[in-house]
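Listed below, chain by chain, are the residues.
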Amino acid sequence: MAMNTVEHVTDLRIAVNGAKRSGKTVGLVPTMGALHQGHLSLIERARTECDFVVMSLFVNPTQFTDIEDFEKYPRDPIRDRALAEKAGVSLVFEPGVGDVYVKGFDTVVVARHLSDILEGKSRPGHFQGVATVVTKLINMVGADKAFFGEKDYQQLQVVRRVVEDLNIPVKIVGCPIVREADGLAMSSRNVRLSERQRSAAAILKKALDYAQEIADTGVHDAYALRAWMAQTIEVEAEAKLDYATIVDPDELRDVDTIDSGGIALVAATFGKIRLIDNKVLKPAPGYEVRR
Ligand code: AMP
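All values reported here derive from a predicted model rather than from experimental measurement.

Q: Describe the sheet that holds strand β1 (residues 4-6), naming the residues involved and giving the relevant values.
A: The six strands are arranged β1-β4-β3-β2-β5-β6 in an open sheet whose pairing can be described as parallel. Looking at strand neighbours, the two that pair on one side only are β1 and β6 (171-175), the edges of this open sheet. Mean inter-strand twist for the sheet, computed between neighbouring axes without regard to direction, equals 25 degrees.

Q: Account for the site of the ligand, with residues named and values stated.
A: Of all residues adjacent to the ligand, which total 17 residues, the nearest are Met-32, His-39, Asp-152, Val-178 and Met-186. Contact between the ligand and Asp-152: an oxygen atom at 2.6 Å from a side-chain N or O atom of the residue. At 2.9 Å from a nitrogen atom of the ligand is found a main-chain nitrogen or oxygen belonging to Val-178. For the ligand, whose accessible area on its own is 490 Å², the fraction buried by protein is 93%. For the shell around the ligand, the elements supplying multiple residues, two or more each, are β2 (26-31), α2 (37-49) and β5 (145-149).

Q: Requested: an account of the environment of Cys-50, with residues and values cited.
A: Tracing the sequence through the fold places Cys-50 in the loop between α2 and β3 (52-57). Given the relative accessible area of 5%, Cys-50 is considered buried. Excluding anything up to four places from it in sequence, Cys-50 contacts Thr-25, Val-26, Gly-27, Lys-145 and Phe-147.

Q: I'd like a rundown of helix α1 (residues 9-21), residues and numbers included.
A: The end-to-end C-alpha separation of α1 is 18 Å, in line with the 18 Å expected for 13 residues at 1.5 Å each. Inspection of α1 places Val-9, Leu-12, Val-16 and Ala-19 among the buried residues, and these make up the whole buried set. End-on, the buried residues of α1 take up no more than an arc of 90 degrees, which puts them together on one face. Exposed and facing more than 90 degrees away from the buried side of α1 are Thr-10, Ile-14 and Arg-21. Summarising the contacts, the buried residues of α1 are in contact with β1, β2, β3, β4 (91-93), α5 (97-100) and α8 (126-141). Looking at the residues trailing α1, positive phi occurs at Gly-23, about 85 degrees.

Q: Run through the nonpolar core, naming residues and quoting values.
A: If you look at the biggest cluster of nonpolar residues, it comprises 47 residues, and the most contacted ones within it are Leu-12, Val-54, Ile-138 and Ile-172. Ranked by residue count, the leading element in this core is α8, at nine residues. Of the domains in this structure, domain 1 (4-175) and domain 2 (188-279) are the two that each give at least three residues to this core. In contact with Val-54, not counting residues within four places along its chain, are Leu-12, Val-16, Val-26, Gly-27, Leu-28, Val-29, Leu-91, Phe-93 and Val-141. Counting residues in hydrophobic clusters, the runner-up holds 28 residues, among them Ile-203, Leu-204, Ala-244 and Ala-268.

Q: I'd like a rundown of the packing of aromatic side chains, residues and numbers included.
A: As enumerated under the stated definition, the model contains five aromatic pairs in all. Arranged with centres 5.6 Å apart and planes meeting at 75 degrees, the rings of Phe-64 and Tyr-73 form a pair that is edge-to-face. We classify Phe-64 as buried; its relative accessible area is 11%. With 5.6 Å between their ring centres and 80 degrees between their planes, Tyr-210 and Trp-228 make a pair best called edge-to-face. Note that Tyr-210 is positioned in helix α11 (residues 203-216) and Trp-228 in helix α12 (residues 222-234), a separation of 18 residues in sequence. Classification of Tyr-210 by relative accessible area gives partly exposed; the value is 31%. Among the residues examined, Trp-228 registers a relative accessible area of 38% and is labelled partly exposed. Here a set of aromatic residues connected by ring pairs shows up, and it is made of Phe-58, Tyr-101 and Phe-105.

The rules behind the values
- Residues numbered from 1 in each chain as written.
- Predicted model: local features only at pLDDT ≥ 70, side-chain atom pairs only at ≥ 80, totals over all residues.
- Heavy atoms only, no water.
- Pairing = 2+ DSSP bridges.
- Helix = DSSP H or I, 4+ residues; strand = E, 2+ residues; numbered from the N terminus.
- Axes fitted to C-alpha atoms, helices over the stretch in contact; angles between N-to-C directions.
- Near = heavy atom within 4 Å.
- Polar contact = N/O pair within 3.5 Å; in protein donor to acceptor, adjacent residues only side chain to side chain.
- Areas by Shrake-Rupley, 256 points an atom, 1.4 Å probe, with all protein chains shown as cover.
- Buried < 20%, exposed > 50% of the residue type's maximum accessible area, 1.4 Å probe, protein only.
- Contact = heavy atoms within 4.5 Å.
- Expected span 1.5 Å × (residues − 1).
- Arc of directions from axis to C-beta.
- Core = buried A, V, L, I, M, F, W, Y, C linked by side-chain atoms within 4.5 Å.
- Domains from an automatic or database assignment.
- Phe/Tyr/Trp six-rings, centres within 6.5 Å; stacked < 30°, edge-to-face > 60°.

What follows is the structure, encoded as structure tokens:
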């Protein structure tokens, strides 16, 4: 069946209700467009788990803390729609700002602890914008499942928290990070990197991998591993480190050791472009968790 695009919530509901009446399960893949393989992997996963896949295409103004970042965010809806159709999306929901934020809009959704740390420190208000728009998209679509990339790990945890805390009847599915050949996590912002910044950006994944290599030698001390990651990134002249940390995978609080595992999160800017990455860290092989 040919893919449709709708702009208004009423048309979205008509299409989704039609699919639901014929017994189809509905999956939602929220995106801001400028699609790459990372997005396509979410669509693929959604197709394996749901019969009717809605992809939203909306550059959400309220999650940007920097007006230039919002204005320069890559936009190519014609290409995006073609890629979505090829990937097997059933329906593209491409609302205007006025369809999402109606006149008099006055409500926000905030996961308080998770919004203030890490990315939230550098981007105040960002996760409030994300939590609010994702809640709205899930409710507008009435999705059974919604698919998010592990690349934006803090975002994934914010969404999981909100859905659990507000009893939203949707299953959140986290999908693995898709990377370029040199390890750089795919991101719509990568196209804005200069050639030098682009090759320097591979340092983020290298720092994460080094942390696991050191852990594999038996070093579980999170302070030592953090310092090692930070040093690795700081040596790269094009990179300005924001944070390199190791936290527990649920609440994202600092851990002292990775005796029972942890997740390493890094963020750095390359020129004006802010990039993030992460990796699950495991204790050294053969290490037995003592409780
Ligand atoms: P965005 O369009 O950047 O808001 O991203 C839309 C969704 O795609 C989010 O759930 C992201 O986490 C996910 N995503 C972005 N880049 C990647 C990637 N390299 N691998 C996997 N998922 C990704």
